[in-house]
Amino acid sequence: MRNNNKALVALSLATLSLGTAASASAATLDEVKERGELHCGVNVGLAGFSSSDEDGTWQGLDVETCRAVSSAIFGDPEKVAFTPLTAKERFTALQSGEIDVLSRNTTWTATRDNSLGLNFTATTFYDGQGFMVDKELGIESLEDLNGASICIQSGTTHELNLADYFPSRNIDIKTVTFDTPDQTAQGFASGRCDVLTSDTSQLSALRLQLPEPDSVEILTELISKEPLGPVVRQGDDQWFNIIKWTIFAMVNAEEMGVNSDNVDEMKQDPPNPGVARLLGVDGTYGEQLGLGNDWAYNIISQVGNYGEVFARTVGEDSPLGISRGMNALWNEGGILYAPPVR
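Cut-offs and rules
Note on numbering: residues in each chain are counted from 1, in written sequence order. Predicted model: local features are reported for residues with pLDDT of at least 70 only, side-chain atom pairs are reported and counted for 80 or more only, and whole-chain, interface and lining totals are derived from all residues. To obtain the side-chain values, all non-hydrogen atoms of the structure were included, while hydrogens and water were left out. UniProt positions are given in the numbering used here, feature names are shortened, and annotations may be inferred rather than shown by experiment. These domain boundaries are the output of an automatic or database domain assignment. Contacts: residue pairs with any heavy atoms within 4.5 Å of one another. By definition, the buried area sums, over both parts, the 1.4 Å-probe accessible area that each loses when the two are put together. Salt bridges are counted wherever a side-chain nitrogen of Lys or Arg sits within 4 Å of a carboxyl oxygen of Asp or Glu. A pair of strands counts as paired when DSSP detects no fewer than two bridges linking them. Counting from the N terminus, the helices are the DSSP runs of H or I reaching at least four residues and the strands are the DSSP runs of E reaching at least two. Geometry is summarised by axes, namely lines fitted to C-alpha atoms with helices restricted to the contacting stretch, and by angles between N-to-C directions that run from 0 to 180 degrees. When accessible area is computed with a 1.4 Å probe and restricted to protein chains, residues below 20% of their type maximum are described as buried, those above 50% as exposed, and intermediate ones as partly exposed. In this description, the term disulfide denotes a pair of cysteine sulfurs within 2.5 Å. The span you would expect from a helix comes to 1.5 Å times its residue count less one. Each aromatic pair joins two rings of Phe, Tyr and Trp (for Trp, the six-membered one) with centres within 6.5 Å, and gets the label stacked for planes under 30 degrees apart, edge-to-face for over 60, and tilted for any other angle.

Under the annotation held in an unreviewed UniProt entry, the protein carries the name Amino acid ABC transporter substrate-binding protein and is attributed to Halomonas eurihalina. Its UniProt record gives the protein the following Sequence similarities (unreviewed entry) comment, quoted word for word: "Belongs to the bacterial solute-binding protein 3 family."

Below, the structure is given as structure tokens:
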């Protein structure tokens, strides 16, 4: 009888534990729905990724990611409040609950993923740390930087990358640190340093802010891998899955040829079972996330697939004109890949 009682107690505790976990895992989604808007942390101002125009409208790849999440939840891409954050502020804002998701050109690293109580969800832009120099200096490779001063933003992985790379090659450099990307670009433009270093995507954006953009060039050599993507707090698997699968839906849509122009036609008459599952015609994949089964349809119709967002924010239809490169689909020469909806 004692063994039976012990078994019943254990079963009750396990049930209670599962119930508590289920309640906790739904917390962020419930809070966002009750509040009526998503709180998204973005960069204070980085062209192509997150910047505010003259009317106060936020634009960029990271901004569109948050709008896509809003579409998935509310069926409306505009139910988002954007909070501009510096590199030093970003993780604290997420940890404290000030924001629901951080979508701010943030590099996925072991320390950040494992020791801050945070989870990186998926990569939205594959990047690497590069260097921008004045063409008149005649610098052709990183070996030519011996004795150079380098402008760099504090609180980023770039500082550690410099410490890893240059001393091991007996290249002597001096760093000049700044708090924001704009300050870093201004320091470079005013001659406080010889070289500006950052992710190559950020260098492309900062280059446009210089008085004479054509007077500088970005070296082809990279010294790091910089996978950028949204971050959430640990302990909420449902919310983690919603952010992750929002991105996966956009990537899968591009691969399947589904875009904002043809999504209604595709939903009305799906050309294959994969499209039917993605657009909610078949299956309950939205319900599995705690959303409506039209979650991916709303994302694509209101925000677009990954290729559309890339083109208008950082790609061929934007001032940055960044090529797809590694960010092309896996079957088009890149490494972009999403698990299937099935």
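1. Overview of the domain arrangement of the protein
The assigned domain composition of the protein is domain 1 (29-124 + 229-257 + 305-327) and domain 2 (128-225). A separation of 26 Å is found between the C-alpha centroids of domain 1 and domain 2. Every contact between the two is made by 17 residues of domain 1 and, on the other side, 16 residues of domain 2. Interface area lost by domain 1 to domain 2 is led by Leu46, Lys88 and Thr107, which between them contribute 29%. Here domain 1 is connected to domain 2 by one salt bridge. Put simply, aspartate 179 and lysine 88 hold a salt bridge, and the shortest N to O gap is 3.5 Å.

2. Some remarks on the sheet that holds strand 8 (residues 129-134)
What the five strands build is an open sheet, ordered 10-9-11-8-12; its pairing is mixed. The strands lining the two open edges of the sheet, one partner per strand, are strand 10 (173-178) and strand 12 (216-218). Averaged over all pairs of adjacent strands, the angle between their axes in this sheet comes to 30 degrees, without regard to strand direction. Alignment of strand 9 (residues 148-153) against strand 10, held across six bridges, turns out to be parallel. For glutamine 153, the partnering residue across the bridge sits in strand 10 and is phenylalanine 178. Strand contacts of helix 8 (residues 200-207): strand 8, strand 9, strand 11 (195-199) and strand 12, with the helix running at about 125 degrees to strand 11, the strand carrying the most contacts.

3. A look at the pairing of strand 8
In terms of burial, strand 8 is a largely internal element, five of the six residues being buried. In terms of strand pairing, strand 8 meets strand 11 through five bridges, oriented antiparallel. Within the sheet, the bridge partner assigned to glutamine 129 lies in strand 11 and is aspartate 199. Sheet analysis places strand 8 next to strand 12, joined by three bridges and oriented antiparallel. What sits directly across from aspartate 134, in strand 12, is valine 216.

4. Regarding the state of the cysteines
According to the stated counting rule, one finds two disulfides in the structure shown. There is a disulfide in this structure between cysteine 40 and cysteine 66, and the S-S distance comes to 1.9 Å. Between cysteine 40 and cysteine 66, the disulfide has an S-S torsion of 50 degrees and is therefore right-handed. Here cysteine 66 lies in helix 3 (residues 61-74) and cysteine 40 lies in strand 1 (residues 38-43), a separation of 26 residues in the sequence. A single burial state applies to cysteine 40 and to cysteine 66, both of which are buried. Sequential numbering of the bridged cysteines in the protein gives the disulfide pattern 1-2, 3-4.

5. Topic: the UniProt feature "domain: Solute-binding protein family 3/N-terminal" (unreviewed entry) in the protein
Per the UniProt record, "domain: Solute-binding protein family 3/N-terminal" (unreviewed entry) is found at residues 37-266. Note that residues 37-266 is 33% helix and 24% strand, and that its end C-alpha atoms are spaced 29 Å apart.

6. Let's talk about helix 9 (residues 237-256)
End to end, helix 9 covers 27 Å across 20 residues, agreeing with the expected 28 Å (1.5 Å per residue, within 8%). Two residues or fewer past helix 9, glycine 257 is found with a positive phi of approximately 80 degrees.

7. Some thoughts on the environment of glycine 333
Structurally, glycine 333 can be placed in the segment after helix 14 (306-313). When its relative accessible area of 72% is taken as the criterion, glycine 333 is described as exposed. With 17 residues separating them in the primary sequence, glycine 333 and glutamate 316 have C-alpha atoms 17 Å apart.

8. Examining the packing of aromatic side chains
Scanning the entire structure with this criterion turns up nine aromatic pairs. With centroids separated by 5.4 Å and ring planes inclined at 80 degrees, the aromatic side chains of phenylalanine 49 and phenylalanine 125 adopt a geometry described as edge-to-face. Here phenylalanine 49 is found in the loop between strand 1 and strand 2 (51-52), whereas its partner phenylalanine 125 is found in strand 7 (residues 125-127), with 76 residues between them in sequence. On the basis of relative accessibility, which here comes to 1%, the residue phenylalanine 49 falls in the buried class. We classify phenylalanine 125 as buried; its relative accessible area is 3%. Ring centres of tyrosine 306 and phenylalanine 310 lie 6.0 Å apart, and the angle between their planes is 40 degrees; this geometry places the pair in the tilted category. Of the two residues, tyrosine 306 and phenylalanine 310 are both situated in helix 14; the distance of four residues between them amounts to about one turn of the helix. Of the two residues, tyrosine 306 and phenylalanine 310, neither departs from the other in class, the shared state being buried. Of the aromatic side chains, those joined through ring pairs into one cluster are Phe49, Phe125, Tyr306 and Phe310.

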